[in-house]
Amino acid sequence: MSGILDGKRILVAGVTMDSSIGFAVAKFAQEQGATVLISNFGRALGITRRIAKRLPSEPPVLELDVTDEDHLAGLADAVREHVDGLDGVVHSIAFGNPETILGGKFLDGPWPDVAQALQVSAYSLKALAMACRPLMGEGGSVVGLTFDATVAWPAYDWMGVAKAGLESTSRYLARDLGPQGIRCNLVSAGPLKSLAAKAIPGFENLESMWSDRAPLGWAETDLEPTARGVCALLSDLFPATTGEIVHVDGGYHAMGA
Ligand code: NAP
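Chemist: How should I be thinking about the layout of surface pockets in this particular structure?
Modeler: One simple way to see leftover space: roll a probe sized like a water molecule over the atoms. Put simply, the largest pocket is a space of about 1,300 Å³. Ser92, Ile93, Ala94, Phe95 and Ala196 are, among the 46 residues lining the largest pocket, the residues nearest its centre. Every element with two or more residues in the lining of the largest pocket is listed here: α1 (21-31), β2 (35-40), α4 (111-132), β5 (140-146), α5 (157-177) and α6 (195-198). Counting residues per element, the lining of the largest pocket draws most heavily on α6, which supplies three residues. Across the lining of the largest pocket, the residue classes tally to 28 nonpolar, 15 polar and three charged.

What follows is the structure, given as structure tokens:
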């Protein structure tokens, strides 16, 4: 049976648990015929290695801290140990200190913690795309994950600002990498019960109102719709789409009340 990602080589950065959106992306991408590599960083790397065995086919696990210049500089060679290039890169990475800049701490959030959130969650899309650019000589697709940054949300605080930065970064990447045939798009997902979401104090309140308002309904434990959206953007089905944000949120964003 042929899949929409047959023959594609894809790096999914940001897989910790099987509750990670990146895990669901890696799984669906493999089911659609892709050769997948996954990455994570630091102490959680051991967890990622164990979780990788739960995928249909165990992928190579690379170490990548997106704030580490050496990791970024060595990424292309690390990827080449497994595949000779990449057709797609998924940025499924975010971090903000839940104690200081999330969960109602907006007015008091200290700059070093805000700076860290902006670097890990927004600037890193550019850093990752550039680290992978030498591997995408024949063009490719970069896809990231956002949470609608056009409005202010309860609890999301400085991560909302970081997501606004991510959304803008994606558009500038689309501008500057488009001439080399590299597309850059985001999926704007509804709330999903991942480790990152559980760490945000008060985020669970968003989850309950989402399923009430989204015309298609919304299941915060079902990662597959989001994974399918990411994989569609990785595929050849959107050849003329870049700088775009595709909402995979049950239609919530389009409703006024
Ligand atoms: P997740 O499983 O916690 O994934 C976030 C990943 O980022 C983790 O693997 C985390 O690693 C990694 N990470 C953090 N700092 C890093 C660094 N310096 N270098 C490399 N990796 C780093 O949570 P998720 O919900 O799947 O998040 C994936 C993406 O989807 C994020 O961009 C998130 O904002 C976005 N998103 C999530 C939701 C939601 O409701 N869950 C909704 C819309 C968009 P560690 O676990 O080791 O820290």
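Chemist: How do you make sense of the site of the ligand when you look at a structure like this?
Modeler: Close to the ligand lie 29 residues; Thr16, Ser20, Lys163, Leu192 and Ser194 are nearest. In the model, an oxygen atom of the ligand is placed 2.6 Å from a nitrogen or oxygen of the Ser20 side chain. One of the backbone nitrogen or oxygen atoms of Ile21 is found 2.8 Å away from an oxygen atom of the ligand. Assessed atom by atom at 2 Å from the grid points, the ligand resides in the largest pocket. Of all the secondary structure elements, the ones that give two or more residues to the shell around the ligand are β5 and α6. In terms of residue count, the dominant contributor to the shell around the ligand is α6 (three residues). Residue composition of the shell around the ligand, by class: 19 nonpolar, eight polar and two charged.

Chemist: How should I be thinking about the nonpolar core in this particular structure?
Modeler: One broad rule of soluble globular proteins: the nonpolar side chains tend to lie buried together. Of all hydrophobic cores here, the largest spans 51 residues; its most connected members are Val12, Val25, Ile38, Val90 and Val230. Element by element, the count of residues in this core is highest for α1, at seven residues. Judged by nonpolar contacts, the second largest core, of 33 residues, contains Leu37, Leu62, Leu75 and Leu186.

Chemist: Would you take a moment to explain a nonpolar patch on the surface for this structure?
Modeler: Taken together, Ile4, Leu237 and Phe238 make up a surface patch of nonpolar side chains, about 250 Å² in accessible area. Summarising the element assignment, Phe238 is placed in the loop between α8 (224-234) and β7 (245-248). Residue Phe238 is classed as partly exposed on the basis of its relative accessible area, which comes to 31%.

Chemist: Please clarify how α1 should be interpreted in this entry.
Modeler: What sets the pattern is the α-helix's 3.6 residues per turn: residues three or four places apart point alike. Most of α1 is tucked away: nine of the eleven residues are buried. Of all the positions in α1, only Ile21, Gly22, Phe23, Ala24, Val25, Ala26, Phe28, Ala29 and Gln30 are classed as buried. Against β1 (9-13), β2, α2 (45-52), β4 (88-91), β5 and α8 lie the buried residues of α1. Positive phi appears at Gly33, one or two residues downstream of α1, with a value of about 100 degrees.

Chemist: What is the right way to look at the pairing of β4 in this model?
Modeler: On any regular strand, side chains alternate: one points to one face of the sheet, the next to the other face. What you see with β4 is no split at all: Gly88 and Val90 on one side and Val89 and His91 on the other are buried throughout. Pairing of β1 with β4 involves four bridges; the strand directions are parallel. Note on β4: the bridge partner recorded for Ile10 is Gly88. Relative to β5, β4 runs parallel, the two sharing four bridges. Across the sheet, residue Gly88 finds its bridge partner in β5, namely Ser141.

Chemist: Explain the side chain of Asp249 here, please?
Modeler: With respect to the helices and strands, the residue Asp249 is situated in the segment after β7. No salt bridge is formed by the buried Asp249. Its closest oppositely charged neighbour is Arg213, at 10.0 Å. Side-chain polar atoms of Asp249 contact the backbone nitrogen of Gly251, separated by 2.9 Å. Apart from residues lying up to four places away in sequence, Asp249 is in contact with Ser188, Ala189, Gly190, Trp210, Ala214 and Trp218.

Chemist: When you look at the pattern of salt bridges in this model, what are you seeing that I'm missing?
Modeler: Two side chains bearing opposite charge may form a pair once their charged atoms approach each other closely. Taken as a whole and judged by the stated rule, the model has eleven salt bridges. The partner of Asp84 in a salt bridge is Arg9, with the nearest N and O atoms 2.6 Å apart. Of this pair, Asp84 sits in the loop between α3 (69-80) and β4 while Arg9 sits in strand β1, and the two are 75 residues apart along the sequence. For Glu31, the salt bridge goes to Lys27, with nearest N and O atoms at 3.1 Å. Linking Glu31 with Lys27, this pair stays in helix α1, spanning four residues, or about one helical turn. Accessibility expressed as a relative area gives 33% for Lys27, which makes it partly exposed. One salt-bridge network, held together by shared partners, links Arg9, Asp84 and Asp87.

The rules we used
Residues numbered from 1 in each chain as written. Predicted model: local features only at pLDDT ≥ 70, side-chain atom pairs only at ≥ 80, totals over all residues. Heavy atoms only, no water. 1 Å grid on protein atoms, 1.4 Å probe; cavity = no way out; pocket = protein on both sides within 12 Å on 5 of 7 lines; lining within 4 Å. Points joined across faces, edges and corners; volume = space filled by probe spheres on them. Helix = DSSP H or I, 4+ residues; strand = E, 2+ residues; numbered from the N terminus. Nonpolar A, V, L, I, M, F, W, Y, C, P; charged D, E, K, R; others polar. Near = heavy atom within 4 Å. Polar contact = N/O pair within 3.5 Å; in protein donor to acceptor, adjacent residues only side chain to side chain. Sits in = over half its atoms within 2 Å of the grid points. Core = buried A, V, L, I, M, F, W, Y, C linked by side-chain atoms within 4.5 Å. Buried < 20%, exposed > 50% of the residue type's maximum accessible area, 1.4 Å probe, protein only. Patch = residues over 30% accessible without salt bridge, like charges linked within 9 Å, V, L, I, M, F, W, Y side chains within 5 Å. Areas by Shrake-Rupley, 256 points an atom, 1.4 Å probe, with all protein chains shown as cover. Salt bridge = Lys/Arg side-chain N within 4 Å of Asp/Glu carboxyl O. Contact = heavy atoms within 4.5 Å. Pairing = 2+ DSSP bridges. Lys, Arg positive; Asp, Glu negative; His and termini not counted.

Distances and angles like these do not, on their own, reveal function.
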